[in-house]
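A closer look at the structure
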Amino acid sequence: AQAKVADQQYQAQEANRKAWQQAQLKAYDQMDAQRKALMEQQAKAWQQAEAARLKAESQVRQFKSEIEAEEINIRRRIVSTATAIWDNDHNRAQLMDAGARKAEEYKTRLEEYFREEINIDQLLSTRSDLVSNESNMANNTYNTADREATLILTIGQVYDLVGLKLGEEAEGRDRCPPLQL
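Below you will find a few notes about this structure. Only a predicted model underlies this, so the values are computations on that prediction, with no experimental measurement involved.

**With respect to the overall build of the chain**
Across its full length, the chain carries 3 helices and 0 strands. If you take every contact in the chain between residues at least 6 apart in sequence, the share linking residues at least 24 apart comes to 62%.

**What about the packing of aromatic side chains?**
Counted by the stated rule, this structure contains 1 aromatic pair. A cation sits over an aromatic face here: Arg-127 above Tyr-106, 5.7 Å from the ring centre.

**Side note on unusual backbone geometry**
Excluding glycine, residues mostly have negative phi values, and the peptide bonds linking residues are mostly trans. Positive phi, normally seen in glycine, also occurs at Glu-116, with a value near 65 degrees. Secondary-structure assignment places Glu-116 in the loop between α1 (2–114) and α2 (120–155).

**A short note on α1**
Here α1 is 113 residues long and its end C-alpha atoms lie 162 Å apart, about the 168 Å a rise of 1.5 Å per residue gives. Among the residues making up α1, those that are buried are Glu-14, Ile-74, Ile-78, Thr-81, Ala-82, Ala-84, Ile-85, Asn-88, Leu-95, Ala-98, Gly-99 and Glu-112. Tucked into the core, α1 has its buried residues touching α2.

**Comments concerning α2**
Helix length check: α2 (36 residues) gives 52 Å between terminal C-alpha atoms against 52 Å at 1.5 Å per residue, within 8%. All of the buried residues along α2 are Leu-123, Thr-126, Leu-130, Asn-133, Met-137, Asn-140, Thr-144, Leu-151 and Thr-154. Buried residues along α2 sit against α1. Two or three places before Asp-121, at the opening of α2, Asn-119 has a side-chain oxygen 3.1 Å from that residue's backbone nitrogen. Looking one or two places after α2, you find Gly-156, whose phi comes out positive at around 85 degrees.

**Quick word on the packing of α1 against α2**
Viewed as axis vectors pointing N to C, α1 and α2 meet at an angle of 160 degrees, and their least axial separation amounts to 8 Å. One way to sum up the angle between α1 and α2 is to call them roughly antiparallel. For the pair α1 and α2, the sense of crossing is left-handed.

**Some thoughts on the side chain of Thr-144**
Within the secondary structure layout, Thr-144 lies in helix α2. A relative accessible area of 5% means that Thr-144 is categorised as buried. When near neighbours in sequence (up to four residues on either side) are disregarded, Thr-144 contacts Asn-88 and Arg-92.

**What about the pattern of salt bridges?**
Within this structure, the stated rule accounts for 8 salt bridges. Among the salt bridges present, the one from Lys-36 reaches Asp-32, with a minimum N-O distance of 3.5 Å. Remark: Asp-32 and Lys-36 occur in helix α1; sequence separation between them is 4 residues, near one turn of the helix. You can call Lys-36 partly exposed: its relative accessible area is 46%. The exposure class of Asp-32 is partly exposed, given its relative accessible area of 26%. The partner of Arg-53 in a salt bridge is Glu-57, with the nearest N and O atoms 2.4 Å apart.

**As for a nonpolar patch on the surface**
On the surface, a cluster of nonpolar side chains totalling about 340 Å² of accessible area is made up of Leu-25, Tyr-28 and Met-31. As for its placement among the helices and strands, Met-31 is situated in helix α1.

Procedures and definitions
- Residues numbered from 1 in each chain as written.
- Predicted model: local features only at pLDDT ≥ 70, side-chain atom pairs only at ≥ 80, totals over all residues.
- Heavy atoms only, no water.
- Helix = DSSP H or I, 4+ residues; strand = E, 2+ residues; numbered from the N terminus.
- Contact = heavy atoms within 4.5 Å.
- Phe/Tyr/Trp six-rings, centres within 6.5 Å; stacked < 30°, edge-to-face > 60°.
- Lys NZ or Arg CZ within 6 Å of the ring centre and 35° of its normal.
- Expected span 1.5 Å × (residues − 1).
- Buried < 20%, exposed > 50% of the residue type's maximum accessible area, 1.4 Å probe, protein only.
- Polar contact = N/O pair within 3.5 Å; in protein donor to acceptor, adjacent residues only side chain to side chain.
- Axes fitted to C-alpha atoms, helices over the stretch in contact; angles between N-to-C directions.
- Parallel < 35°, antiparallel > 145°, perpendicular 65-115°, else oblique.
- Left-handed = near helix turned anticlockwise from the far one by under 90°.
- Salt bridge = Lys/Arg side-chain N within 4 Å of Asp/Glu carboxyl O.
- Patch = residues over 30% accessible without salt bridge, like charges linked within 9 Å, V, L, I, M, F, W, Y side chains within 5 Å.
- Areas by Shrake-Rupley, 256 points an atom, 1.4 Å probe, with all protein chains shown as cover.

Below, the structure written as structure tokens:
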């Protein structure tokens, strides 16, 4: 009878041990499932953060590229406008020389006309050349002024003219960095 009681106690202890092991395994499985779910959430959050970071980096590269393209465009406009202004200056000097020659020629032709050495058509032809040169001078002056205004706008000098400050001169405000040429 004692053996029977000992056997029953052993079987009860064994059943308790198995139940405890099963409860422990179930708890481990639940913890493992929670850990896996948490790791999946973390991985998903990391992937989203990584995607957001990559998108932001891509946008930064795109903006830098756009800024660089605009800087190149501005430099080209500055160079082409400055070159056109220099060309106008050179042309103006030539037009002034030609104008002086044509004015002298007109004076000579006028004297010849009064001495009846040439006819009115020849005198008017010389006068027409003089007026045409003056018109070219006016066009040259207009084009130079237009190009100077374009250059002032392109280099941002117009901001100084109206009292706005850029770069380090703009104290206490968001500053635009000065363009390096």
